[in-house]
Amino acid sequence: MTTPQVMRIMALSINTAARAGSIIRDVMQRGNLGIVEKEGKDDLQTEADRSAQQCIIASLSRKFPNLKIIGEEGDSNLDVKPEWLVTDENEEFLKNCCPEEWREIKEEEFVVWVDPLDGTSEYTQGLLEHVTVLIGVAIKNRAVGGVIYQPYYKQSNGEIGRAIWGLKGLGTGGFKPTSPPKGQMIITTTRSHLTPLVQQALDALSPTEVIKVGGAGYKVLQLLEGRAHAYVFASPGCKRWDTCAPEAVLEAYGGILTDLAGVHYSYAAEVDYKNRMGVLATVPELKHSDIANQVPKDILDALRS
Ligand SMILES: Nc1ncnc2c1ncn2[C@@H]1O[C@H](COP(=O)(O)O)[C@@H](OP(=O)(O)O)[C@H]1O
Ligand SMILES: [Mg+2]
Ligand SMILES: [Mg+2]
Ligand SMILES: [Mg+2]
């Protein structure tokens, strides 16, 4: 029997994210980040963002030429150094059994959303544990699979970097699932894109504690590892590549990620990339709709306008 495409795409994404992670470490080590401002000082790009994206898109499109891939850093030159081309699919992942519902999905039915370096602002400031590589796999508008790779995570065996993955219908891997403390409401939110509206939404949810960290990937990791109950961001600043992989991993785990009104984003290729209605993610222990219902209407109206 041939291996279903979704399993092969996920398995190649795991290994490719790790390769992108090593490129991110190399750029930092060389010390010349090559920072440019995209839409302003709140929207930076470095040599690591550019090179990691080239590695990911070239590797995935070489093996899956009919795959639709959308990367944060726009069109990339795919004529990359041979050592950036990843061809091996992750064998550990391939030992898993493909969920029935994804078995027949063809290459051209996927959309892959790539954020080659999530947490660029933190990367440039040396807060390296916040940095992740995000590869999200969408099928029929929905985020279904995802890889969150942390290039600077120190494993207990001394190895550097770890890959966290999730596939709906199969589950998750690469981390130790942990429930957040009972009787508290710890919210994680942005560290570098705080606005009055972002703060207003936090205040409305009466958190017992607020954890400000960089990146959508790292914030969802706070939920997966029991350090926070919810991720709340009342801002139109995130884009589909920020949330596709985190949403898939969190939902494969039993949590939920939507906009602030409680509605799922579409990950179809032709959508407007902006997550205009903000981000709300919750752990499985919370009722997502209860939290969404606590978001004041004027905050939703402000995002809509
Ligand atoms: N106002 C804004 N302008 C541009 N990007 C924004 C933004 N608000 C959030 N983002 C992007 O959303 C991601 C998570 O943001 P934050 O860490 O503030 O929660 C980051 O992704 P990148 O680092 O991949 O660009 C960040 O750049
Ligand atoms: Mg960016
Ligand atoms: Mg990002
Ligand atoms: Mg990015």
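Details of the structure are given in the entry above.
The rules behind each value
- Residues numbered from 1 in each chain as written.
- Chains lettered and ligands numbered in written order.
- Predicted model: local features only at pLDDT ≥ 70, side-chain atom pairs only at ≥ 80, totals over all residues.
- Heavy atoms only, no water.
- Donors = N, O, S within 2.8 Å, 3.2 Å for Na, K, Ca; no water.
- Buried < 20%, exposed > 50% of the residue type's maximum accessible area, 1.4 Å probe, protein only.
- Pairing = 2+ DSSP bridges.
- Helix = DSSP H or I, 4+ residues; strand = E, 2+ residues; numbered from the N terminus.
- Axes fitted to C-alpha atoms, helices over the stretch in contact; angles between N-to-C directions.
- Parallel < 35°, antiparallel > 145°, perpendicular 65-115°, else oblique.
- Left-handed = near helix turned anticlockwise from the far one by under 90°.
- Contact = heavy atoms within 4.5 Å.
- Nonpolar A, V, L, I, M, F, W, Y, C, P; charged D, E, K, R; others polar.
- Core = buried A, V, L, I, M, F, W, Y, C linked by side-chain atoms within 4.5 Å.
- Phe/Tyr/Trp six-rings, centres within 6.5 Å; stacked < 30°, edge-to-face > 60°.
- Near = heavy atom within 4 Å.
- Polar contact = N/O pair within 3.5 Å; in protein donor to acceptor, adjacent residues only side chain to side chain.
- 1 Å grid on protein atoms, 1.4 Å probe; cavity = no way out; pocket = protein on both sides within 12 Å on 5 of 7 lines; lining within 4 Å.
- Sits in = over half its atoms within 2 Å of the grid points.

**Q** Go over the coordination of the magnesium ion (ligand 4) with me, naming the residues and quoting the values.
**A** Around the magnesium ion (ligand 4), the protein supplies Glu-72 (OE), Asp-115 (OD) and Leu-117 (O) as donor atoms, at distances of 2.1 to 2.2 Å. A separation of 3.6 Å is found between the magnesium ion (ligand 4) and the magnesium ion (ligand 2), which share Glu-72 as a coordinating residue. Of the residues examined, Asp-115 reaches a relative accessible area of 0% and is grouped as buried.

**Q** Describe the sheet that holds strand E9 (residues 186–189), listing the residues and the values that go with them.
**A** Read across the sheet, five strands follow the order E10-E9-E11-E13-E12 without closing on themselves; strand pairing throughout is mixed. Looking at strand neighbours, the two that pair on one side only are strand E10 (209–212) and strand E12 (256–258), the edges of this open sheet. Each strand of the sheet is rotated relative to its neighbour by a mean of 20 degrees, with strand direction disregarded. Relative to strand E11 (residues 230–233), E9 runs parallel, the two being bridged by two bridges. From the neighbouring strand, Thr-188 faces E11, where its bridge partner is Tyr-231.

**Q** Requested: an account of the packing of helix H1 (residues 5–30) against helix H2 (residues 47–63), with residues and values cited.
**A** Packed helix pairs are characterised by how far apart their axes lie and by the angle those axes make with each other. Taken N-terminus to C-terminus, the directions of H1 and H2 make an angle of 155 degrees; their axes are 9 Å apart at the nearest point. Overall, the two elements H1 and H2 adopt an arrangement that is roughly antiparallel. Judged by the twist between their axes, the crossing of H1 over H2 is right-handed. Contact residues: H1 offers Arg-8, Leu-12, Ser-13, Thr-16, Arg-19, Ala-20, Ile-23, Ile-24 and Val-27, while H2 offers Glu-47, Ala-48, Ser-51, Ala-52, Cys-55, Ile-56, Ser-59, Leu-60 and Lys-63. For the contact of H1 with H2, the class distribution of residues is ten nonpolar, four polar and four charged.

**Q** Can you explain the nonpolar core? Please cite residues and give values.
**A** Core analysis: the biggest nonpolar cluster contains 47 residues, and Ile-24 and Tyr-123 have the highest contact counts within it. Listing elements by their share of this core, those giving two or more residues are H1, H2, strand E4 (110–118), strand E5 (132–139), strand E6 (142–154) and strand E7 (160–167). Examining the composition of this core, we find that twelve residues originate from one element, H1, more than from any other. Among residues more than four places away in sequence, those in contact with Tyr-123 are Ile-24, Val-27, Met-28, Leu-33, Thr-46, Ala-48, Leu-117, Leu-128, Val-131 and Tyr-152. In this structure, Val-111, Ala-138, Leu-202 and Val-232 belong to the second largest nonpolar core, which totals 30 residues.

**Q** Quick one: what's the story with the packing of helix H5 (residues 196–204) against helix H9 (residues 297–304), residue by residue and with numbers?
**A** Direction vectors running N to C along H5 and H9 enclose 155 degrees, while the axes themselves pass 10 Å from each other. With respect to their mutual orientation, H5 and H9 come out roughly antiparallel. The chirality of how H5 crosses H9 is left-handed. Residues Leu-197, Gln-200 and Ala-201 of H5 lie in contact with H9, whose contacting residues are Asp-298, Ile-299, Ala-302 and Leu-303.

**Q** Run through the packing of aromatic side chains, naming residues and quoting values.
**A** For the structure shown, the criterion picks out six aromatic pairs. Where Trp-113 meets Tyr-273, the ring centres are 5.5 Å apart and the plane angle is 85 degrees; that geometry is what we call edge-to-face. You can see Trp-113 sitting in strand E4 and its partner Tyr-273 sitting in the loop between E12 and strand E13 (279–282), a full 160 residues away along the chain. Residue classification places Trp-113 among the buried positions, given a relative accessible area of 0%.

**Q** Describe in detail the site of ligand 1, supporting the description with residues and values.
**A** Lining the immediate environment of ligand 1, one finds 20 residues, of which Gly-119, Thr-190, His-193, Gly-215 and Lys-219 sit closest. One of the side-chain nitrogen or oxygen atoms of Asp-115 is found 3.0 Å away from an oxygen atom of ligand 1. Gly-119 places a main-chain nitrogen or oxygen 2.8 Å from an oxygen atom of ligand 1. The site holding ligand 1 turns out to be the largest pocket. For the shell around ligand 1, the secondary-structure elements that each account for two or more residues are E4 and helix H6 (216–224).

The quantities given are spatial measurements derived from coordinates; they are silent on function.
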